[in-house]
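# Structural description and commentary
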Amino acid sequence: MTAIWSVDTAMFCENAKRVKQDNNIMAVVKNHAYHYGLEFAIEQFSKIGIDTFSTTSLKEAMCIRKLAPNATIFLMNAVYDFDLLREYRIQMTLPSLSFYYEHFNDLYDIAIHLEFENLLHRSGLKSIDEIKEVLQHHRQNQQSRKMHITGLWTHFGYADEFDVPDYQIERDAWIEIVDTLIADGYTFDMIHAQNSASYFRENSVLKHHTHARVGIALYGSRPYQSITEESIQQSLTVKGNVIQVREVNKGDYCGYSFAFEVIKDHTKLAVVDIGYGDGILKSRAKHEALINGKRYPIRALMMSHMFVEVDDGIHARDEVILYNKDIRVDEFTFKGVGANSEQLSAMNHHSLIKEYR
Ligand SMILES: Cc1ncc(COP(=O)(O)O)c(C=O)c1O
């Protein structure tokens, strides 16, 4: 018995199709496709008609090129390996005005997307003036081999926040930039801004935009709670097994460093073969696990084990489900365990058995 991380492939595709609908989606496949596996994700997304991918890592971008020879690949972090970008036909962000002036000659033949910094302040040109400065300088550049400005983009940092006005502020600032540039006669092959939360909030791809740049919804987790569970479905299961059930009594301490104090005689604890070493977050272990269709409280988390308080119905070799379609990653996101992607990224794919069904 070993703990298992498994994905229902048909359900993964079905969800991606449902999220995509008839829209153009740039699938975010960074961090090994949110840990679902880059090869797997590219294959499934390609099957349902997604041909545009983005990541933050050059290594992943090069891997995508091998997996999808005709795909459009967008690198969201700037790198300095300009020859590799050309060789692998990878489009890249322009992260700042200074990067432009330092490297516009090095960037010849590379497709570049102008990035607007907006409220996240992680990267990008700071204002419409900086964007226009690059566009005008580029237009006046007489070199025969120049970079190609093919895209315009930003990232919304507040699309999953509802109690503050910041999403509206960053959205309005961005739309004004897009509208102004279009009114001034600039054109772009690609304009993209929306992550999953913005894509669902807007119920579509924004005006003038060619793509929504979606990650977590394609992987089956809701970015915010008011989206129905039917709209975004989880294909991932993470489960361990009951190794044995032990009886403990009032006053016993179980787990390391007095982790759980027993308050009732004849308490039954299932010892389960999955722990933080497999990627179960400590915050997740404050909640329940699903055994034989019923939820039981996790009482202590160790590296390779956990204790779950159970009843007489639970026995050795019963499956203990930490995540599946009925006990979803996003449920725990909304309970404050950590972001969807944080829970997914924690999974240890070296210790868990990995299965695509
Ligand atoms: C720049 C950028 N775009 C898009 C996404 C996708 O976001 P989500 O997974 O919320 O759809 C991310 C994710 O962190 C990102 O960093």
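Just so we're clear, the structure is a prediction, and the values are computed from it rather than from any experiment.

## Here we look at the UniProt feature "modified residue: N6-(pyridoxal phosphate)lysine" (unreviewed entry) in the chain
Following the UniProt record, one finds the feature "modified residue: N6-(pyridoxal phosphate)lysine" (unreviewed entry) at Lys30. For Lys30, the location among the structural elements is in helix 2 (residues 30-34). If near-sequence neighbours (up to four positions away) are discounted, Lys30 is found in contact with Ser54, Thr55, Thr56, Glu60 and Met76.

## Some thoughts on the site of the ligand
In the vicinity of the ligand there are 13 residues, among which Lys30, Tyr34, Ser196, Gly215 and Ile216 approach most closely. Between Arg122 and the ligand, the recorded distance is 3.1 Å, taken from a side-chain N or O atom to an oxygen atom. With respect to the ligand, the backbone of Gly215 contributes an N or O atom lying 2.8 Å from an oxygen atom. In isolation the ligand exposes 390 Å². Once the protein is present, 86% of that is buried. Residue assignment for the shell around the ligand shows that the elements contributing at least two residues are helix 2 and strand 9 (212-214). By residue class, the composition of the shell around the ligand is 6 nonpolar, 4 polar and 3 charged.

## Focus on helix 7 (residues 128-140)
With 13 residues, helix 7 should reach 18 Å at 1.5 Å per residue; the first-to-last C-alpha distance of 18 Å fits that figure. Within the sequence span of helix 7, burial applies to Glu130, Ile131, Val134, Leu135 and His138. The buried residues of helix 7 occupy an angular sector of 135° when the element is viewed end-on, so they sit on one face. For helix 7, the exposed residues lying more than 90 degrees away from the buried face are Asp129, Arg139 and Gln140. Where helix 7 is buried, its residues contact strand 5 (90-94), helix 6 (97-103), strand 6 (111-116), strand 7 (148-154) and helix 8 (166-183).

## A short note on the packing of helix 1 (residues 9-20) against helix 3 (residues 38-47)
It is the contact of helix 1 with helix 3, at a shortest axis distance of 9 Å, that shows an interaxial angle of 55°. Comparing the axis directions of helix 1 and helix 3 gives the class oblique. Crossing geometry of helix 1 relative to helix 3 is assigned as right-handed. Here Thr9, Phe12, Cys13 and Ala16 of helix 1 lie close against helix 3, whose contacting residues are Phe40, Gln44, Phe45 and Lys47. Classifying every residue of the contact of helix 1 with helix 3 by side-chain character gives 5 nonpolar, 2 polar and 1 charged.

## So, the pattern of salt bridges
Under the counting rule described, the total for this entry stands at 20 salt bridges. When the shortest N-O distance is used, the salt bridge between Glu331 and Arg295 registers 2.8 Å. Of this pair, Glu331 sits in helix 10 (residues 329-334) while Arg295 sits in strand 15 (residues 294-301), and the two are 36 residues apart along the sequence. Salt bridges linked by common partners bring Arg222, Glu229, Arg328 and Asp330 together as one network.

## Re the sheet that holds strand 3 (residues 52-55)
The strand order across the open sheet built from 8 strands is 8-7-6-5-4-3-2-9, with neighbouring strands paired in parallel fashion. Looking along the sheet, the strands with just one partner apiece sit at the ends: strand 8 (190-192) and strand 9. Neighbour to neighbour, the strand axes of the sheet diverge by 25° on average, direction disregarded. On the sheet, helix 8 packs against strand 6, strand 7 and strand 8 and is oriented at approximately 150° with respect to strand 7.

## A word on the layout of surface pockets
The computed volume of the largest pocket comes to approximately 760 Å³. Lining the largest pocket are 30 residues, and of these Lys30, Tyr34, His155, Asn195 and Ser341 sit closest to its centre. Among the secondary structure elements, those contributing two or more residues to the lining of the largest pocket are helix 2, helix 9 (196-202) and helix 11 (340-346). At 4 residues, the largest contribution of residues to the lining of the largest pocket is made by helix 11. Looking at the lining of the largest pocket residue by residue, the class counts come to 11 nonpolar, 13 polar and 6 charged. Its boundaries defined by the atoms lining it, the second largest pocket holds a volume of some 150 Å³. Ala259, Tyr276, Lys282, Ala285, Lys286, Ile298, Arg299, Ala300 and Leu301 are the residues that line the second largest pocket. A class-by-class count of the residues in the lining of the second largest pocket yields 6 nonpolar, no polar and 3 charged.

## Considering the packing of aromatic side chains
One pair of aromatic rings is described through two measures. These are the centre distance and the angle between the planes. In total, this model carries 22 aromatic pairs according to the counting rule given. Judged by centre distance (4.6 Å) and plane angle (15°), the ring pair of Tyr34 and Tyr219 falls under stacked. Of this pair, Tyr34 sits in helix 2 while Tyr219 sits in the loop between strand 9 and strand 10 (236-248), and the two are 185 residues apart along the sequence. Here the two residues Tyr34 and Tyr219 agree in accessibility, since each one is buried.

## Here's the deal with the domain arrangement of the chain
When cut into domains, the chain gives domain 1 (8-219) and domain 2 (236-324). Taking only C-alpha atoms, the centre of domain 1 and the centre of domain 2 are 42 Å apart.

Conventions adopted
Residues numbered from 1 in each chain as written. Predicted model: local features only at pLDDT ≥ 70, side-chain atom pairs only at ≥ 80, totals over all residues. Heavy atoms only, no water. UniProt positions renumbered as here; feature names shortened; annotations may be inferred. Helix = DSSP H or I, 4+ residues; strand = E, 2+ residues; numbered from the N terminus. Contact = heavy atoms within 4.5 Å. Near = heavy atom within 4 Å. Polar contact = N/O pair within 3.5 Å; in protein donor to acceptor, adjacent residues only side chain to side chain. Areas by Shrake-Rupley, 256 points an atom, 1.4 Å probe, with all protein chains shown as cover. Nonpolar A, V, L, I, M, F, W, Y, C, P; charged D, E, K, R; others polar. Expected span 1.5 Å × (residues − 1). Buried < 20%, exposed > 50% of the residue type's maximum accessible area, 1.4 Å probe, protein only. Arc of directions from axis to C-beta. Axes fitted to C-alpha atoms, helices over the stretch in contact; angles between N-to-C directions. Parallel < 35°, antiparallel > 145°, perpendicular 65-115°, else oblique. Left-handed = near helix turned anticlockwise from the far one by under 90°. Salt bridge = Lys/Arg side-chain N within 4 Å of Asp/Glu carboxyl O. Pairing = 2+ DSSP bridges. 1 Å grid on protein atoms, 1.4 Å probe; cavity = no way out; pocket = protein on both sides within 12 Å on 5 of 7 lines; lining within 4 Å. Points joined across faces, edges and corners; volume = space filled by probe spheres on them. Phe/Tyr/Trp six-rings, centres within 6.5 Å; stacked < 30°, edge-to-face > 60°. Domains from an automatic or database assignment.

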